[in-house]
Structure formats: C-alpha cells, structure tokens
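For reference, the chains in residue letters:
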Amino acid sequence: MKYTHTLEMDNEQGERCNVAVAFRADPFKRFAGFTSIHSDNPIYSEDLNHLEQFIRMDKDKWVTNR
C-alpha cells in the first residue's frame with residue numbers, strides 16, 4: 001500500500017525541517033521504502049536513517065495514499 005506522512009525533525013546540521021514523505025508498506029504496515037521525500041531544509045544521508053525510524057514509530061498517523 002502507499003502512504004504519506006508529514007513530520008518535523010532536525011537535520012544533522014541542527015536545522016528544523018518540515019518533511020513530507022510518501023512511501024510503501026505491506027498490509028501489516030511494515031515499512032517497505034520511500035517513494036518521495038520533500039523538505040523545506042536539506043536532508044542529509046544520516047538523516048534518512050532517523051527519518052525511517054520516525055516513520056515507523058508514527059505508523060498510527062500514516063495516511064493512505066490511493
């Protein structure tokens with residue numbers, strides 16, 4: 001299934017980022033990968049690991065994208 005989620009996080013430079021992501025997950029809501037990431041400030045490679053963790057923790061807030 002396809003989902004979207006928005007969140008705020010700090011990037012590795014300490015800048016606050018408003019991030020909107022689209023991603024896929026299986027029917028049991030196991031994360032399967034990003035399809036797009038949009039942020040108002042840069043997102044660095046280390047931030048992607050944290051972003052995935054934040055997405056997994058917020059799975060009750062995911063919005064189905066049809």
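Keep in mind it's a predicted model, so treat the numbers as computed, not measured.

S.K.: Is there a simple way to explain the packing of aromatic side chains in this structure?
M.R.: The geometry of two aromatic rings is summed up by the distance between their centres and the angle between their planes. With the rule as written, the count across this model stands at 5 aromatic pairs. With centroids separated by 5.7 Å and ring planes inclined at 40 degrees, the aromatic side chains of F23 and F31 adopt a geometry described as tilted. An identical accessibility class is assigned to F23 and F31; each is buried. Between F31 and F34, the aromatic rings sit 5.0 Å apart at their centres with planes inclined by 65 degrees, giving edge-to-face as the arrangement. F34 gets classed as partly exposed once you look at its relative accessible area, which sits at 27%. Of the aromatic side chains, those joined through ring pairs into one cluster are Y3, F23, F31, F34 and W62.

S.K.: Please clarify how the pattern of salt bridges should be interpreted in this entry.
M.R.: Once the charged atoms of two side chains with opposite charge are near each other, the side chains can pair. Enumeration over the complete set of coordinates arrives at 4 salt bridges. Residue E8 is joined to R16 by a salt bridge in which the shortest nitrogen-to-oxygen separation is 3.3 Å. Between D26 and R30 there is a salt bridge whose closest N-O contact spans 2.6 Å. On the basis of relative accessibility, which here comes to 51%, the residue R30 falls in the exposed class. Within the structure, one salt-bridge network assembled from shared partners comprises E8, D10 and R16.

Rules of the game
- Position numbers for residues start from 1 in each chain and track the written sequence from start to end.
- Note on the predicted model: pLDDT of at least 70 is required for a residue's local features to be given, and 80 or more for side-chain atom pairs to be given and counted; whole-chain, interface and lining totals, by contrast, use all residues.
- Only heavy atoms go into the side-chain values, all of them from the structure, while hydrogens and water stay out.
- Planes of paired rings set the category: under 30 degrees apart is stacked, over 60 is edge-to-face and the rest tilted, where pairs are Phe, Tyr or Trp rings (Trp by its six-membered ring) whose centres lie within 6.5 Å.
- Working definition: with a 1.4 Å probe on protein chains only, accessible area under 20% of the residue-type maximum means buried, over 50% means exposed, and in between means partly exposed.
- Within this document, salt bridges are pairs made up of a side-chain nitrogen of Lys or Arg and a carboxyl oxygen of Asp or Glu, the two lying within 4 Å of each other.

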